[in-house]
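# Chains, contacts and geometry: an overview
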Amino acid sequence: MKRKSLIATLIIALFILSFAASPSFVIRYAYDGDTVVLTTGEEVRYLGVDAPEIGHNGQKSDFMALESRNYNLNLVRSATVRLEFDEERKDRHGRLLAYVFLENGDMVNALVVRKGFAVVLLMKPNTKYFSRLLECQRQAITEKTGIWSKPPEKKELYYPANRDSHRFHRPSCPLGRKIARRNLVRFETSDKAYWEGYSPCRECKP
């Protein structure tokens, strides 16, 4: 027991030292469940996750969108964080792509998924923490928390998916029909697709 406690203490100490040695940033605000703005004015998009969309200009918000934003805001507003990058540093909108760590070592990306306020979104070639995020999602699905508390509004007979992009579709989706045979996967339910780390098509929204 003493040996395990010593190892645990050393791991925590090493993380604290690495946090202190890495550049730190302060978060000013959270736009939604997966995007924040730093006090420097730079926007940060959480890597590997996708939160429900908040409606603008009279548009309807996705289920749990406001709850996701509020959870994220309460978690990170005015917090000092460490940003960890993957293969790509910015997206096409100029936002930083990062895994965001709090001072206690918690990864914010994983927390929002674990609470059911975001889904896993594979963004190749940025796959460093895919397995860790997927495990958090599976726990949230099992517990039916957050977005997982609501069943799909319209069930399909099956869901075609692309094993390369890790996106799944409705059978009627034009993008789904274009999937090459070598990449085609079929799921009986959307939950099974999510369980394997596939995310929904933004066009057909299965």
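Below is a short write-up of the structure. (Residues numbered from 1 in each chain as written. Predicted model: local features only at pLDDT ≥ 70, side-chain atom pairs only at ≥ 80, totals over all residues. Heavy atoms only, no water.)

## Describing the pattern of salt bridges
One pass over the full model with this rule turns up twelve salt bridges. Note that arginine 45 is salt-bridged to aspartate 34, the shortest N-O span being 3.7 Å. You can see arginine 45 sitting in strand β3 (residues 43–46) and its partner aspartate 34 sitting in the loop between β1 (24–30) and β2 (35–38), a full eleven residues away along the chain. Of the residues examined, arginine 45 reaches a relative accessible area of 6% and is grouped as buried. Taking the relative accessible area as the measure of exposure, aspartate 34 reaches 3% and is therefore buried. Where aspartate 91 meets arginine 95, a salt bridge forms, and the shortest distance between an N and an O atom there is 2.7 Å. Here aspartate 91 matches arginine 95 in class, with each residue buried. A cluster of three or more residues bridged by salt bridges with shared partners is formed by Asp34, Arg45, Asp50, Glu53 and Arg202. (Salt bridge = Lys/Arg side-chain N within 4 Å of Asp/Glu carboxyl O. Helix = DSSP H or I, 4+ residues; strand = E, 2+ residues; numbered from the N terminus. Buried < 20%, exposed > 50% of the residue type's maximum accessible area, 1.4 Å probe, protein only.)

## Points about the environment of valine 112
Relative to the assigned elements, valine 112 resides in helix α3 (residues 108–114). A residue is classified by how much of its surface remains accessible, and valine 112, at 0% relative accessible area, is buried. On a C-alpha basis, the gap between valine 112 and glycine 33 in space is 7.3 Å, while along the polypeptide they are 79 residues apart. Discounting residues that sit within four places of it in the chain, valine 112 has contacts with Gly33, Val49, Tyr71, Asn72, Phe117 and Ala118. (Contact = heavy atoms within 4.5 Å.)

## As for the sheet that holds β2
Around the barrel, which closes on itself, the five strands sit in the order β1-β2-β3-β6-β5 with mixed pairing between neighbours. Within the sheet, the average angular offset between the axes of one strand and its neighbour, ignoring direction, is 60°. The pairing of β1 with strand β5 (residues 80–84) spans three bridges and is antiparallel. Bridge assignment links phenylalanine 25 to a residue of β5, and that residue is valine 81. Strands β1, β2, β3 and β6 (96–102) of the sheet are contacted by helix α2 (residues 65–76), whose axis makes an angle of about 145° with β1. (Pairing = 2+ DSSP bridges. Axes fitted to C-alpha atoms, helices over the stretch in contact; angles between N-to-C directions.)

## As for the packing of aromatic side chains
Counted under the stated rule, the structure contains eight aromatic pairs. Seen from their ring centres, tyrosine 29 and tyrosine 31 are 6.2 Å apart, and the 70° between their planes marks the pair as edge-to-face. Of the residues examined, tyrosine 29 reaches a relative accessible area of 33% and is grouped as partly exposed. For tyrosine 31, a relative accessible area of 38% corresponds to the partly exposed category. Ring geometry for phenylalanine 187 versus tyrosine 198: centroids 5.0 Å apart, planes at 65°, classification edge-to-face. On the criterion of sequence distance, the pair formed by phenylalanine 187 in strand β10 (residues 184–187) and tyrosine 198 in the loop between α6 (190–195) and β11 (199–200) is long-range, its members being eleven residues apart. (Phe/Tyr/Trp six-rings, centres within 6.5 Å; stacked < 30°, edge-to-face > 60°.)

Purely geometric stuff here, so don't read any function into it on its own.
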